[in-house]
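One letter stands for each residue in the lines below.
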Amino acid sequence: MTALRGLTMADWQSIDYGARMHDAMRGLIADLLRRVAAEGLPGEHHFFISFDTRHPGVEIADWLRDRYPEDMTIVLQHWFDGLEVEDDRFSVTLNFGDSPETLVVPLRALRTFVDPSVEFGLRFEEQDADRDDEMDDMDEEAPFADLSDEPEEEPRPRHEAEVVSLDKFRK
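Caption draft 1: Main features of the overall build of the protein. Each helix and strand in the protein was counted, giving 3 helices and 9 strands. Counting helices and strands in the order they occur from the N terminus, the protein gives β-β-α-β-α-β-β-β-β-β-β-α. Buried residues in the protein amount to 25% of all 171 residues. When contacts within the protein are restricted to residue pairs at least 6 apart in sequence, long-range pairs at least 24 apart make up 51% of them. As displayed, the protein has an accessible area near 13800 Å², and 48% of this comes from carbon and sulfur atoms.

So this is what it looks like as structure tokens:
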């Protein structure tokens, strides 16, 4: 079998667009953080970053983990120090009540990234294998409530694609 970038043809059954899109968004965040580390935050930009504190590779002080056992939101705005960005994680020192603490956050631990100065935000879906296992273990006959009061719509008929020549729009 021919290998395609480390995958065998058997592994290449379908394209997981959602996972690839999330990887691209994590790359965008890493690029932004690298630029902020080098040049600082421009203008009124600031970031709210929430992450799963239980994710493997998250490094935070024990007292922070006790206070935020599941998730934590940090703000990069007025004071932060030592922002370093790697391909799969970033680290930053923040001030918690006059107590500077360094956090290490894998990009895969991110839940949300928001820049409220420009109303930009990203939300990452949880890719929790345990949840997938729970769904697999559910009884197939389990009843689900039908939340719609309206009858189901008839599927729309499919039409053949029409090829349009752009020549007729040219002057």
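Caption draft 2: Looking closely at the sheet that holds strand E3 (residues 47–52). A sheet is described by the order of its strands in space; here 4 strands give the open sequence E4-E3-E8-E9, paired in antiparallel fashion. The sheet is open, and its two borders are formed by strand E4 (71–76) and strand E9 (120–123), each paired with just one other strand. Pairs of neighbouring strands in the sheet enclose a mean axial angle of 10°, with direction left out of account. Across 6 bridges, the pairing between E3 and E4 is antiparallel. In the strand pairing of E4, Phe48 is matched with Val75. Lying over the sheet, helix H1 (residues 17–39) contacts E3, E4, strand E8 (110–115) and E9, oriented at roughly 135° with respect to E9.

Caption draft 3: Geometry of the packing of aromatic side chains. Scanning all chains against the criterion turns up 2 aromatic pairs. Ring plane angle 90° and centroid distance 6.0 Å describe the contact between Trp63 and Phe96, whose orientation is recorded as edge-to-face. Here Trp63, found in helix H2 (residues 62–67), pairs with Phe96, found in the loop between strand E6 (89–95) and strand E7 (100–106); they are 33 residues apart in sequence, far enough to count as distant.

Caption draft 4: Region of the structure containing the environment of Arg35. Note on placement: Arg35 falls in helix H1. When its relative accessible area of 56% is taken as the criterion, Arg35 is described as exposed. Sequence separation between Arg35 and Val85 is 50 residues, and the spatial gap between their C-alpha atoms is 9.6 Å.

Caption draft 5: Representation of unusual backbone geometry. With a phi close to 65°, Asp98 is a non-glycine residue in the positive phi region. Its location among the elements puts Asp98 in the loop between E6 and E7. Unlike most non-glycine residues, Glu119 shows phi in positive territory, near 55°. Among the residues examined, Glu119 registers a relative accessible area of 78% and is labelled exposed.

What counts as what
Residues numbered from 1 in each chain as written. Predicted model: local features only at pLDDT ≥ 70, side-chain atom pairs only at ≥ 80, totals over all residues. Heavy atoms only, no water. Helix = DSSP H or I, 4+ residues; strand = E, 2+ residues; numbered from the N terminus. Buried < 20%, exposed > 50% of the residue type's maximum accessible area, 1.4 Å probe, protein only. Contact = heavy atoms within 4.5 Å. Areas by Shrake-Rupley, 256 points an atom, 1.4 Å probe, with all protein chains shown as cover. Pairing = 2+ DSSP bridges. Axes fitted to C-alpha atoms, helices over the stretch in contact; angles between N-to-C directions. Phe/Tyr/Trp six-rings, centres within 6.5 Å; stacked < 30°, edge-to-face > 60°.

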